[in-house]
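# Observations on the three-dimensional arrangement
Residues per chain are reported as follows:
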Amino acid sequence: MDLHALSDFNLVVRHGGFGKAARATDRPKATLSRRVAELETSLGVRLLERGARSLKLTEEGRALHERTGALLNEIDEAAAAISAGGAAPRGRLRISAPLLFSQTAMGRLAAEFALAYPQVQLEVTTEDRAVDMVEEGYDLVIRVNPAPDDTLVGRIFLRDRLAVVAAPQLPRPTGDAAVPAVVRGASGVNAVWQMRTGSGVTGLAVKPVLHLSSMLMVRDAVRAGAGVAMLPVSLVSQDLAAGKLQHWGDIEGPEIALWALYPSRRLLSSRVSAFLEFIKQKFPSGTPEELANYGEN
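These figures come from a predicted structure and were not determined experimentally.

### A closer look at the overall build of the chain
When helices and strands are tallied, the chain shows ten helices and 13 strands. Since a compact globule built from 297 residues should have a radius of gyration of about 19 Å, the 25 Å found for the chain marks it as more spread out than a globular shape. Overall, the C-alpha framework of the chain stretches about 80 × 40 × 30 Å when taken along its three principal axes. Within the chain, buried positions represent 39% of all 297 residues. Long-range contacts, defined as pairs at least 24 residues apart, comprise 73% of the intrachain contacts of the chain with a sequence gap of at least 6. Averaging the coordinates of the 34 positive side-chain charges in the chain and doing the same for the 33 negative ones gives two points 4 Å apart.

What follows is the structure, given as structure tokens:
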């Protein structure tokens, strides 16, 4: 396989067409088209569907780009770093992070990382869905309790747990009476939360009275006395210490783990390595209290 033709193929895919790639690199469009055609001939498959105004990857083209695009970029980066004598990380770093972590910590993290690595162009997108790293062009994703994925590797950098909290004026229930609850999302049925207290695990009957779309909104509603809620300790530890909220117990169940994930390949870009080391320094213990203190400082 001609590596120059393969590089040109990935160049065309990244820019979304022969014309755009030619203009971006100041190379003849005809040359790029010929190199990609030669690659298709050598492989015996069509890689691109060429329309009048659009370009679409075939199934084979998509597979080839996913397997080789990032690797070629990293080879270029490695060569540039060696020729520069081990220069500082540079280039674009795209990160996807969940909403709550972004709201409480990512702004400060991004600013401090940008100051420490001024040659890296950091781009952070906030969403709770599991993005496709390769398809959507992310270098690193932060996920909460991610499902196993053979294409990704990473590490846990923060741990949290869910606490049952309420405003001081909200009375604790007696007997089997249900207490008003503020919940995230649209589930509106009564439920029983399994809650661990100093005396063991007990069931807490709840009746949802408010349905809100973010944890910050839930916390604010609980502060105002609307009901009880399940919230991450990192989000409420300051309020608990100040007496604005009361701790009724911890939800019985698995811990909340925040993972930093990246595609499983041997060559890891210097930008991703720098960010992984950076968050390790910022959260050396990885506790909920550490996250809470970082967000408040």
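### Some points on the packing of aromatic side chains
Scanning the model with the defined rule gives seven aromatic pairs in all. An angle of 70° between the planes, with centres 5.2 Å apart, marks the rings of phenylalanine 283 and tyrosine 294 as edge-to-face. In this pair, phenylalanine 283 sits in the loop between α9 (270–282) and α10 (288–296) while tyrosine 294 sits in helix α10, placing the two residues eleven residues apart along the sequence. Of the two residues, phenylalanine 283 and tyrosine 294, neither departs from the other in class, the shared state being buried.

### Observations concerning the pattern of salt bridges
Note on pairing: side chains with opposite charge can pair once their charged atoms come close. Applying the stated rule across the entire model yields 16 salt bridges. Where arginine 196 meets glutamate 252, a salt bridge forms, and the shortest distance between an N and an O atom there is 2.9 Å. With arginine 196 in strand β9 (residues 191–197) and glutamate 252 in the loop between β12 (246–251) and β13 (256–263), this residue pair connects regions lying 56 residues apart in the sequence. One continuous salt-bridge network, built from bridges that share partners, spans Arg219, Asp220, Arg223 and Asp239.

### A few points about the packing of helix α1 (residues 3–15) against helix α3 (residues 29–43)
Where α1 contacts α3, the axes come no closer than 8 Å and their chain directions differ by 115°. At the point where α1 passes α3, the crossing takes the left-handed sense. On the side of α1, the interface is formed by His4, Ala5, Leu6, Asp8, Phe9, Leu11 and Val12, while α3 contributes Leu32, Arg35, Val36 and Leu39. Here the residues of the contact of α1 with α3 sort into eight nonpolar, one polar and two charged.

### A word on unusual backbone geometry
Among all residues save glycine, negative phi is the norm, and among peptide bonds the norm is trans. Non-glycine residue aspartate 26 carries a positive phi angle of around 60°. Of note, aspartate 26 is situated in the loop between α2 (18–25) and α3. Looking at aspartate 26, the relative accessible area reads 71%, which means it is exposed. Notably, asparagine 145 is not glycine yet its phi reads approximately 45°, a positive angle. Along the polypeptide, asparagine 145 turns up in the loop between β5 (140–144) and β6 (152–160). Residue asparagine 145 is classed as partly exposed on the basis of its relative accessible area of 40%.

### Regarding the layout of surface pockets
Within this model, the second largest pocket holds a volume of roughly 730 Å³. Surrounding the second largest pocket, 38 residues form its lining, Leu100, Phe101, Val144, Met215 and Pro232 being those nearest its centre. Broken down by secondary-structure element, the contributors of at least two residues to the lining of the second largest pocket are α5 (99–116), β5, α7 (215–223), α8 (233–242), β13 and α10. No other element matches α5, which puts five residues into the lining of the second largest pocket.

### Examining the side chain of aspartate 160
Relative to the helices and strands, aspartate 160 resides in strand β6. Arginine 161 is the oppositely charged side chain nearest to the buried, salt-bridge-free aspartate 160, at an N-O distance of 5.9 Å. A polar contact of 3.2 Å, which involves the side chain of aspartate 160, links it to the backbone nitrogen of valine 233. In contact with aspartate 160, not counting residues within four places along its chain, are Pro232, Val233, Ser234, Glu255, Ile256 and Pro288.

### Concerning the nonpolar core
Among soluble globular proteins, nonpolar side chains are generally buried collectively. Core analysis: the biggest nonpolar cluster contains 26 residues, and Phe101, Leu109, Leu140, Ile142, Phe157, Phe275 and Phe283 have the highest contact counts within it. Of the residues forming this core, the biggest block, six residues, is contributed by α9. Leaving out residues up to four positions away in the same chain, phenylalanine 157 has contacts with Phe101, Ile142, Leu258, Trp259, Ala260, Ile279, Phe283 and Gly286. Within the second largest apolar cluster, 17 residues are counted, among which are Phe9, Phe18, Leu47 and Leu48.

Conventions we followed
Residues numbered from 1 in each chain as written. Predicted model: local features only at pLDDT ≥ 70, side-chain atom pairs only at ≥ 80, totals over all residues. Heavy atoms only, no water. Helix = DSSP H or I, 4+ residues; strand = E, 2+ residues; numbered from the N terminus. Rg over C-alpha atoms; globule rule 2.2 N^0.38 Å. Buried < 20%, exposed > 50% of the residue type's maximum accessible area, 1.4 Å probe, protein only. Contact = heavy atoms within 4.5 Å. Lys, Arg positive; Asp, Glu negative; His and termini not counted. Charge placed at Lys NZ, Arg CZ, Asp CG, Glu CD. Phe/Tyr/Trp six-rings, centres within 6.5 Å; stacked < 30°, edge-to-face > 60°. Salt bridge = Lys/Arg side-chain N within 4 Å of Asp/Glu carboxyl O. Axes fitted to C-alpha atoms, helices over the stretch in contact; angles between N-to-C directions. Left-handed = near helix turned anticlockwise from the far one by under 90°. Nonpolar A, V, L, I, M, F, W, Y, C, P; charged D, E, K, R; others polar. 1 Å grid on protein atoms, 1.4 Å probe; cavity = no way out; pocket = protein on both sides within 12 Å on 5 of 7 lines; lining within 4 Å. Points joined across faces, edges and corners; volume = space filled by probe spheres on them. Polar contact = N/O pair within 3.5 Å; in protein donor to acceptor, adjacent residues only side chain to side chain. Core = buried A, V, L, I, M, F, W, Y, C linked by side-chain atoms within 4.5 Å.

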